[in-house]
Amino acid sequence: MRECLNCRSQAVGVQGRHLYIAAGLTFVLSCYFLVRHFYALQEVLTATATATSDPILPAATSETVSDEPELEVSETPPLPKGLPPLYSAYHDVELRLPQQDWTQTEPAPALGWGNAVQEHILNAYLAYKAGRSFVFGNFTWNDDGSPYSDYEGSGKIIPSQYPTPCSCEVLPIYSPIVGEPFAPGDNAPLAVSRDYFDHLCPNKVEFARQELHANLTSPNSVAEITEKWASLLKNLDESCVQSTLDSGPIYSHHDVWGVRMSLLDVWQDLKQSPFLTQFGWSPLVELAFDTNRDLFASSTEPYLSSTPFTSNAERYSPIPGLMAIHVRRGDYATHCRTLAMWSEDFVSVNAFPGMRDPFVVPPHEEWGNNTPENVEVYRRRCLPTIEEIVRKVAEVRAEPEARGVRRLYIMTNGSPEYIAELKDALHEAGSWEMIASSRDLVLSWEQKYVSHAVDLLVAQRAQVLLGNGFSTLTSNAVMMRMANGFPTGSTRFW
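Nothing here was measured: the structure is a model prediction, and the numbers come from that model.

Draft legend 1. Seen up close, the pattern of salt bridges. In total, this model carries 19 salt bridges according to the counting rule given. Put simply, Arg-492 and Asp-357 hold a salt bridge, and the shortest N to O gap is 2.6 Å. Taken as a pair, Arg-492 in strand β14 (residues 491-493) and Asp-357 in the loop between α13 (332-341) and α14 (372-382) lie far apart in primary sequence, 135 residues in all. Each member of the pair, Arg-492 as well as Asp-357, carries the same accessibility label: buried. Where salt bridges share partners, they join Asp-357, Lys-392, Glu-395 and Arg-492 into one cluster.

Right, here's the structure in full:
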């Protein structure tokens, strides 16, 4: 529940706000989604209701015999109470991207850069450099065919797959990465869905990551990795190409994301690429942000839902007066110790030169083991105590970049009891107009399972971000902040 410094007694009012927002959320979500995807949804409904035969988007069902291939449109049956959504409507829109002509049986020239990994930004960038269409797939937690999965054996039921334009692990997006048009004048091949790629390309040429990377001069250089693959793809006559499904990601954590400076040699070009300049969040995420905007923005902040998209930097400008902090709990109780055992570094752009609060990996003698003193170093930077959090927040708030900060948003997977204790400690240490957390978000059924993306959007826009340098969620927010020209000093780490 939200808290105000001088209005702890307003719990009833906060609850009233939740009820008021929840009452209109379903209606607003439905209207906005229909406006954003009007034409695609109109075709879905027309095909289903009239069973006509469209040369571009074949009918889902038809009583007339036709030689045209049929595009199956999934229908969501009534689900037992308590199960998460399957996002069928979003997947149907994904299948009906205008560049996907389902009557084709062979790919157009240069179509078909596909892979089974989830590093969407760099893989899309690689396809762009090679002059090929990027093939995006659903974020797949479990690929055994079941609609639901047990999250890490915890008993928490989650969807096995999320359509990428609606949701994936870090990218519930609306962007050229998932088939949206490039900027005018950019004639690069548009991205297509995995389903469409498989439709056109029953037989694919595959290349193993290990073979291509064996002769790299620097296996940790994103520029060299990208050039190696792009050169190969440019010189191939075959249209349908993918990395082998069992060879691991092209841009792996071991070689790229967890290695200091690995992105540095490509950063200036990457940040100017359409995959960052034209990056946008999906309507599902933006509407959740708008619905909860009173938790982190003033009443004068324009609604994203009613603002036409221009660019990443213009759309997601800084929110004055807001500090966002990333307080990871749950699995990090053990994960932070594992990081210490293997002497891991800050991830991705978090380790770029010039960043405030740099991390220095302490000397170690044995991989897979570490001293108690070094484990404590990792603990302080990865899993700070409430007292350490309060102290660091006060330190950062005193910096010039935090001038005017009066609202605090806590991105966290912590328990309600832990969050309440943390809020009390922060209130006691300083004067805040508002302290809210991820647990305070009012979300629809579908938004609940992409709440991490709402957190990421808030972190991307906060006047000041205090993040976890070992976290990829933090690093993705930092990447967007750097690409959008936020001051370096406005991004800090525990």
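After that view of the structure, there is still more to cover.
Draft legend 2. Seen up close, helix α7 (residues 222-234). Taking 1.5 Å of rise per residue, 13 residues should cover 18 Å, and α7 covers 18 Å from first to last C-alpha, within 8% of that figure. For α7, the set of buried residues is Val-222, Ile-225, Thr-226, Trp-229, Ala-230 and Leu-233. Down the axis of α7, the smallest arc covering the buried residues is 120 degrees, so these residues share one side.

Draft legend 3. Local environment of the packing of aromatic side chains. Across all of its chains, the model carries 13 aromatic pairs by this definition. Both rings, one in Phe-296 and one in Tyr-409, keep their centres 5.5 Å apart while their planes meet at 85 degrees; by these two values the pair is edge-to-face. Taken together, the residues span a long stretch of sequence, with Phe-296 in the loop between α11 (283-291) and α12 (312-315) and Tyr-409 in strand β11 (residues 407-412) at a distance of 113 residues. With respect to burial, Phe-296 and Tyr-409 carry one shared label: buried. A centroid spacing of 4.9 Å and a plane angle of 90 degrees characterise the contact between Phe-346 and Phe-470, whose relative ring orientation is edge-to-face. Of this pair, Phe-346 sits in the loop between α13 and α14 while Phe-470 sits in the loop between β13 (462-467) and α18 (472-483), and the two are 124 residues apart along the sequence. For the pair formed by Phe-346 and Phe-470, the shared burial category is buried. Among the aromatic side chains, those forming a connected cluster through ring pairs are Phe-346, Phe-359, Tyr-378, Phe-470 and Phe-493. Geometry around Trp-432 places Arg-397 over its ring, the cationic atom sitting 3.6 Å from the centre.

Draft legend 4. Expanded view of empty space enclosed by the protein. One pass over the full model with this rule turns up three cavities of 30 Å³ or more. One number sums up the size of the second largest cavity: a volume of about 50 Å³. Surrounding the second largest cavity, Ala-124, Ala-127, Tyr-128, Arg-132, Phe-134, Pro-176, Phe-182, Pro-189, Leu-190, Ala-191 and Phe-275 form its lining. Take the lining of the second largest cavity: its biggest share by element is three residues, from helix α4 (residues 120-130). Residue composition of the lining of the second largest cavity, grouped by class: 10 nonpolar, no polar and one charged.

Draft legend 5. Spotlight on the sheet that holds β13. Taking strand neighbours across the sheet as the criterion, the five strands line up as β12-β11-β10-β13-β14 in an open arrangement whose pairing is parallel. Both outer strands of the open sheet, β12 (434-437) and β14, are each paired with one neighbouring strand and no more. For this sheet the average axis-to-axis angle between neighbouring strands, irrespective of direction, equals 20 degrees. Relative to β11, strand β10 (residues 319-327) runs parallel, the two being bridged by six bridges.

Draft legend 6. Structural detail: the environment of Arg-492. The exposure class of Arg-492 is buried, given its relative accessible area of 2%. For Arg-492 and Val-396, which are 96 residues apart along the polypeptide, the C-alpha to C-alpha distance reads 7.7 Å. A distance of 2.6 Å separates a polar atom in the side chain of Arg-492 from a polar atom in the side chain of Asp-357.

Draft legend 7. Quick look at the state of the cysteines. Inspection of every chain in the model, using the stated rule, returns two disulfides. The partner cysteine of Cys-201 in its disulfide is Cys-240, sulfur to sulfur 2.1 Å. On the sign convention where negative is left-handed, the bridge of Cys-201 and Cys-240, at about -60 degrees about the S-S bond, is left-handed. Of the two residues, Cys-201 is situated in the loop between α5 (194-200) and β8 (205-207) and Cys-240 in the loop between α7 and β9 (241-243); the sequence distance between them amounts to 39 residues.

Draft legend 8. Structural view of the packing of α13 against α14. Following both chains from N to C, one finds α13 and α14 inclined at 135 degrees, their axes separated by 9 Å at the closest point. Considering their axes alone, α13 and α14 lie oblique with respect to each other. As for how α13 packs across α14, the hand of that crossing is right-handed. Taken together, the residues of α14 that come into contact with α13 (itself represented by Tyr-332, Cys-336, Arg-337, Leu-339, Ala-340 and Met-341) are Val-375, Tyr-378 and Cys-382. Looking at the contact of α13 with α14, its residues break down into eight nonpolar, no polar and one charged.

Draft legend 9. Spotlight on the nonpolar core. Membership of the largest hydrophobic core comes to 83 residues, with the highest contact counts inside it found for Tyr-251 and Leu-263. The biggest single contributor to this core is α4, with seven residues. Beyond its immediate sequence surroundings of up to four residues, Tyr-251 is in contact with Glu-119, Leu-122, Asn-123, Leu-126, Val-222, Ile-225, Thr-226, Val-256 and Trp-257. Counting 22 residues, the second-largest nonpolar core is a separate cluster that includes Val-393, Val-405, Leu-408 and Leu-422.

Conventions adopted
Residues numbered from 1 in each chain as written. Predicted model: local features only at pLDDT ≥ 70, side-chain atom pairs only at ≥ 80, totals over all residues. Heavy atoms only, no water. Salt bridge = Lys/Arg side-chain N within 4 Å of Asp/Glu carboxyl O. Helix = DSSP H or I, 4+ residues; strand = E, 2+ residues; numbered from the N terminus. Buried < 20%, exposed > 50% of the residue type's maximum accessible area, 1.4 Å probe, protein only. Expected span 1.5 Å × (residues − 1). Arc of directions from axis to C-beta. Phe/Tyr/Trp six-rings, centres within 6.5 Å; stacked < 30°, edge-to-face > 60°. Lys NZ or Arg CZ within 6 Å of the ring centre and 35° of its normal. 1 Å grid on protein atoms, 1.4 Å probe; cavity = no way out; pocket = protein on both sides within 12 Å on 5 of 7 lines; lining within 4 Å. Points joined across faces, edges and corners; volume = space filled by probe spheres on them. Nonpolar A, V, L, I, M, F, W, Y, C, P; charged D, E, K, R; others polar. Pairing = 2+ DSSP bridges. Axes fitted to C-alpha atoms, helices over the stretch in contact; angles between N-to-C directions. Polar contact = N/O pair within 3.5 Å; in protein donor to acceptor, adjacent residues only side chain to side chain. Disulfide = S-S within 2.5 Å. Parallel < 35°, antiparallel > 145°, perpendicular 65-115°, else oblique. Left-handed = near helix turned anticlockwise from the far one by under 90°. Contact = heavy atoms within 4.5 Å. Core = buried A, V, L, I, M, F, W, Y, C linked by side-chain atoms within 4.5 Å.

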